[in-house]
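# Structural overview
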Amino acid sequence: MRKNKYRVIKGRGVYPGIVEGEAIVTTESISFLGGVNQKTGEIIEFNHPLKGENIAGKIFMFYSGRGSVGSTSTIYYLKLIRKNPSALVMVIPDPPVVFGAILAEIPTIVDVSVEDLKSIKNHSHVRINGESGEIFVYED
């Protein structure tokens with residue numbers, strides 16, 4: 001459902017593509033290896049505020065990746081089984097996550113401010129442009 005009123009947040013585009021949909025948002029970091037179910041896309045990381053949410057087909061917005069280089073293969077595998085997020089947005093670019101997104105051809109934006117990330121409600125309707133780094137946040 002597209003809405004008329006929106007605001008624009010700017011980051012740095014890393015991998016091109018335009019995606020519109022539901023955003024899963026947290027200001028916490030996440031470990032893709034062990035923190036995301038590799039068969040379903042569900043967040044399973046112990047004590048993570050988004051535990052139980054599913055990122056498959058969603059625009060996943062988070063602080064940064066955490067952990068090992070296993071994030072690269074986890075993101076790529078999720079793409080192979082069609083359980084990947086439709087786009088990634090991060091405050092701090094984590095190299096294994098960014099590399100996984102590029103391999104999986106997932107539109108990605110980095111260098112979004114923490115304040116801007118905090119201003120986006122979980123489950124908001126957003127549109128991202130991975131080339132220009134623009135995030136359109138649709139208002140209720």
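Our subject in this report is the structure included herewith. (Residues numbered from 1 in each chain as written. Predicted model: local features only at pLDDT ≥ 70, side-chain atom pairs only at ≥ 80, totals over all residues. Heavy atoms only, no water.)

This part covers the sheet that holds strand β1 (residues 6–10). One open sheet holds the 8 strands; their spatial order is β1-β8-β7-β3-β4-β5-β6-β2, and the pairing between them is mixed. Edge positions in the sheet fall to β1 and β2 (12–15), since each of these pairs with one other strand and no more. Sheet twist, expressed as the average angle between the axes of neighbouring strands with direction ignored, equals 30 degrees. Strand contacts of helix α3 (residues 95–103): β2, β4 (59–62), β5 (87–90) and β6 (108–110), with the helix running at about 155 degrees to β5, the strand carrying the most contacts. (Pairing = 2+ DSSP bridges. Helix = DSSP H or I, 4+ residues; strand = E, 2+ residues; numbered from the N terminus. Axes fitted to C-alpha atoms, helices over the stretch in contact; angles between N-to-C directions. Contact = heavy atoms within 4.5 Å.)

Relative to the elements of secondary structure, Phe60 occurs in strand β4. Considered as a pair, Phe60 and Val89 are 29 residues apart in the sequence and their alpha carbons are 6.2 Å apart. In this view, Phe60 contacts Ile24, Thr26, Ile30, Phe32, Ile43, Leu50, Ile55, Pro85, Ala87, Leu88 and Val89; residues no more than four positions away in its chain are not counted.

This part covers helix α2 (residues 70–80). Three or more residues of α2 are buried, namely Gly70, Ser71, Thr72, Thr74, Ile75 and Leu78. Just beyond α2, the residue with positive phi is Arg82, at close to 60 degrees. (Buried < 20%, exposed > 50% of the residue type's maximum accessible area, 1.4 Å probe, protein only.)

What follows concerns a nonpolar patch on the surface. Nonpolar side chains collect at one region of the surface, where Tyr76, Tyr77, Leu80, Phe99 and Leu103 lie side by side and expose about 500 Å² of accessible area between them. Only α2 and α3 provide two or more residues apiece to the nonpolar patch. The greatest single-element share of the nonpolar patch, amounting to 3 residues, is contributed by α2. Assessed through its relative accessible area of 38%, Tyr77 is described here as partly exposed. (Patch = residues over 30% accessible without salt bridge, like charges linked within 9 Å, V, L, I, M, F, W, Y side chains within 5 Å. Areas by Shrake-Rupley, 256 points an atom, 1.4 Å probe, with all protein chains shown as cover. Salt bridge = Lys/Arg side-chain N within 4 Å of Asp/Glu carboxyl O.)

With that settled, consider the pattern of salt bridges. Summed over the entire model, instances satisfying the criterion amount to 4 salt bridges. A salt bridge links Arg12 to Asp111; the shortest N-O distance between them is 2.7 Å. On the criterion of sequence distance, the pair formed by Arg12 in strand β2 and Asp111 in the loop between β6 and α4 (114–118) is long-range, its members being 99 residues apart. By relative accessible area, Arg12 is classed as partly exposed at 43%. Its relative accessible area of 38% is what places Asp111 among the partly exposed residues. Here Glu45 ties to Arg66 by a salt bridge, and the two come within 2.4 Å at their closest N and O atoms. Taken together, the residues Glu45 in the loop between α1 (32–35) and β4 and Arg66 in the loop between β4 and α2 connect sequence positions 21 residues apart.

It is worth spelling out the pairing of β4 at this point. Taking every second residue as pointing to the same face, both faces of β4 are buried, with Ile59 and Met61 on one and Phe60 and Phe62 on the other. Bridge analysis of strand β3 (residues 18–25) against β4 gives 3 bridges, and the strand direction is parallel. In the strand pairing of β4, Ile24 is matched with Phe60. Bridge count for β4 against β5 is 4 bridges, and the pairing is parallel. Note on β5: the bridge partner recorded for Met61 is Val89.

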